[in-house]
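Structure at a glance
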Amino acid sequence: MTIKLITIGKTDNSQLQELISIYTERLKHYIKFEFEIIPDLKNAKKLSEALQKQKEGALILKKINPGDVLILLDEQGKPLSSMQFSDYLQKHMNSGIKNLVFIIGGPYGFSEEVYNKANGKLSLSKMTFSHQMIRLFFIEQLYRGFTILKNEPYHHR
């Protein structure tokens, strides 16, 4: 199985980029992981919130292949502990799917078309984080999930 993370817009902060790179490298020991960044929309500030979500949604959907299992990282999604998330990953791996795709939307969330295509929604917290920081948090949680599955000492129970 391949796990793919799709996000909107680049990470400006070099320290966040460095940490994302560290955890991305660590993840490669456990699973094939791809991190794809869709460039920010041009002149996004001139677009309404609805139009921005619609345009970003179209770009996201172009990246989805038939058979992909699409999970949105959304504040209205299901919250999981790290242990529950590791079980969630294991269930998907056991199901025989080829690609598990997680998506972090733009600043206004997802279009209806993306919500309709999604197979599920997860929340990382009830708190709000910047879209740049969530990338790091999610990739670290993926890494943590795999160390839990391998019974490695990274996660303290």
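These remarks concern the structure in this document. Keep in mind that this is a model prediction, so the values were computed, not measured.

1. Here's the deal with the nonpolar core
Within the largest apolar cluster, 27 residues are counted, with the highest numbers of intra-cluster contacts made by Ile-3 and Phe-102. Elements with a minimum of two residues in this core: β1 (2-8), α1 (14-27), β3 (69-79), α3 (82-94), β4 (99-104) and α5 (131-149). Considering each element in turn, this core owes the most residues, seven residues, to α5. Aside from chain neighbours lying at most four places away, what touches Ile-3 is Ile-31, Lys-32, Phe-33, Glu-34, Leu-89, Leu-100, Phe-102, Leu-142 and Phe-146. Ile-60, Val-101, Ile-103 and Phe-110 belong to the second largest nonpolar core, which has twelve residues in total.

2. Observations concerning the pattern of salt bridges
Taken as a whole and assessed by the stated rule, the structure comprises six salt bridges. Here Lys-4 ties to Glu-36 by a salt bridge, and the two come within 3.1 Å at their closest N and O atoms. Separated by 32 residues along the polypeptide, Lys-4 in strand β1 and Glu-36 in strand β2 (residues 32-38) bring together distant segments of the chain. Here Glu-36 falls in the partly exposed class, since its relative accessible area comes to 21%. As a salt-bridge pair, Arg-144 and Glu-140 come within 2.8 Å of each other at their nearest N and O atoms. With Arg-144 and Glu-140 both in helix α5 and four residues apart, this pair spans about one turn of that helix. The exposure class assigned to Arg-144 is buried, which follows from its relative accessible area of 17%. Given the relative accessible area of 12%, Glu-140 is considered buried. Each of Lys-4, Glu-36 and Lys-63 takes part in a single network of salt bridges with overlapping partners.

Parameters at a glance
Residues numbered from 1 in each chain as written. Predicted model: local features only at pLDDT ≥ 70, side-chain atom pairs only at ≥ 80, totals over all residues. Heavy atoms only, no water. Core = buried A, V, L, I, M, F, W, Y, C linked by side-chain atoms within 4.5 Å. Buried < 20%, exposed > 50% of the residue type's maximum accessible area, 1.4 Å probe, protein only. Helix = DSSP H or I, 4+ residues; strand = E, 2+ residues; numbered from the N terminus. Contact = heavy atoms within 4.5 Å. Salt bridge = Lys/Arg side-chain N within 4 Å of Asp/Glu carboxyl O.

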